[in-house]
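# Summary of the model geometry
Below, each chain spelled out in residue letters.
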Amino acid sequence: MNSPAQALWAAVWCPALPLTAVWQLSREQGPVAVHEIVRGQARILQAGRLARAQGIRPDQALTSALAILPQLQSRPRNRRAETRALEQIALTAYGHSHQVVLAPPDTVLLEVGGSQCLSGGIEPLLNRLCKQLAEQGFGVRCGLAPALAPARLLARLNQRITGLDELRRYLAGLALTNLELAPEQTRSLAGCGLETVGQLTRLPTAERARRFGKHLNTCLDELFGYRDTPLAGWQPPENFALRLELPVATDAAEALMFVFNRALDHLGSWLEVRDQ
C-alpha cells in the first residue's frame, strides 16, 4: 500500500501478543506464561505480570521456571491464535480508519490523517482506540509518524511525531540498536564504530550498499519517508466467522460465558465496521 500525500500513520503494537493470544479466553488466575520449543527444550517466551514479579523471565527453561514458581501456568505458543488476535486488533482499528495494514507478528497500522477531524483530533482517536483494545484484553502502545515504517518503529519507542522534518531529526539521533536489524548486521555496524542512525546515513549510499548490503539502504529510505513501504491493505471479511479454541476442556458456566461474551464482542465489532 502506498502512503497518500499528507498521510499520518498510527501503529498499534501489542508486545505481549503471544501471551495474550493463548490466555485471552481464560480469566487470568495467578502467574501465567507462554513457552516455545527452542533446540528441543521448552523455554519461556513471555510471562505475565504476576509471574515476572516472582522472577520468571523470557528464555528461562520451563523446568527452571516451575522450580522457582511451582504454581506457574504455562501454555505452548499458538501462532494461529496470534494471527487471529492480530486480525481482531485490525478489526477494531478499522472502526477508526478504512486504511489498515497488518504488520505481523504483533503490529497493526492505520492511516489517521483523514480520520482525525471526525474524531476530535489525533490524541482522542488514539486514546479511544487504546481503551477499546484494553477492554478486549490487549495491552498496546501507539506510535505516530507521517510514513508507515517509522510509525512501526515509534510504537516500540512510545513516540508520536507528525512532521516529516521533526521525524528525520529524531531518527538521526537514535541509537542503531533501536533498529530491527539482523544481529550480524548490528555487530558489523558496531565494528565500524557506528552508533547512531545519523552516523550511518552520513555514509555515501554506494558505500553503505557495498559494506552492509542493499537491503539496509531500502530500510533507511522507508524509515526516513523517502520510499513507500509496500504493504497490502487489510479489510474485514464480508461474512462473519469465528473459531475460538478453548485452551482446556471445561463445563464451568462462568468460563463458558466468559468465552461466549468474547465472541459476542467480536461479532459486535464486525457488525459495526460493516455497517450492519
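Just above sits the structure.
Within each chain, residues carry numbers counting from 1 in the order of the written sequence. Note on the predicted model: pLDDT of at least 70 is required for a residue's local features to be given, and 80 or more for side-chain atom pairs to be given and counted; whole-chain, interface and lining totals, by contrast, use all residues. Excluding hydrogens and water, the side-chain values take into account all heavy atoms of the structure.

The next thing to look at is the pairing of strand S2 (residues 32-38). Inspection of the sheet shows S2 paired to strand S4 (residues 73-76) by four bridges, in the parallel sense. What sits directly across from Ala33, in S4, is Ser74. Sheet analysis places S2 next to strand S3 (residues 41-47), joined by six bridges and oriented antiparallel. Opposite His35, over in S3, you have Ile44 as the bridge partner. If DSSP finds at least two bridges between two strands, the strands pair. Every helix listed is a DSSP run of H or I at least four residues long, and every strand listed is a run of E at least two residues long, numbered separately from the N terminus. Here S2 folds back onto S3 in antiparallel fashion, the turn holding two residues, of which Arg39 has a positive phi close to 50°.

Turning our eyes to something else, we now look at the pattern of salt bridges. By definition here, a salt bridge exists when the distance from a side-chain nitrogen of Lys or Arg to a carboxyl oxygen of Asp or Glu is within 4 Å. Inspection of the entire model under this criterion finds ten salt bridges. Here Arg156 and Glu180 are joined by a salt bridge, their closest N and O atoms 3.5 Å apart. Of the two residues, Arg156 is situated in helix H6 (residues 148-157) and Glu180 in the loop between helix H7 (164-172) and helix H8 (183-191); the sequence distance between them amounts to 24 residues. Partly exposed residues are those whose accessible area sits between 20% and 50% of the maximum for their type, while under 20% is buried and over 50% is exposed, using a 1.4 Å probe and protein chains only. Take Arg156: its relative accessible area is 16%, and that puts it in the buried class. Each of Glu36, Arg77, Arg79 and Glu82 takes part in one network of salt bridges that share partners.

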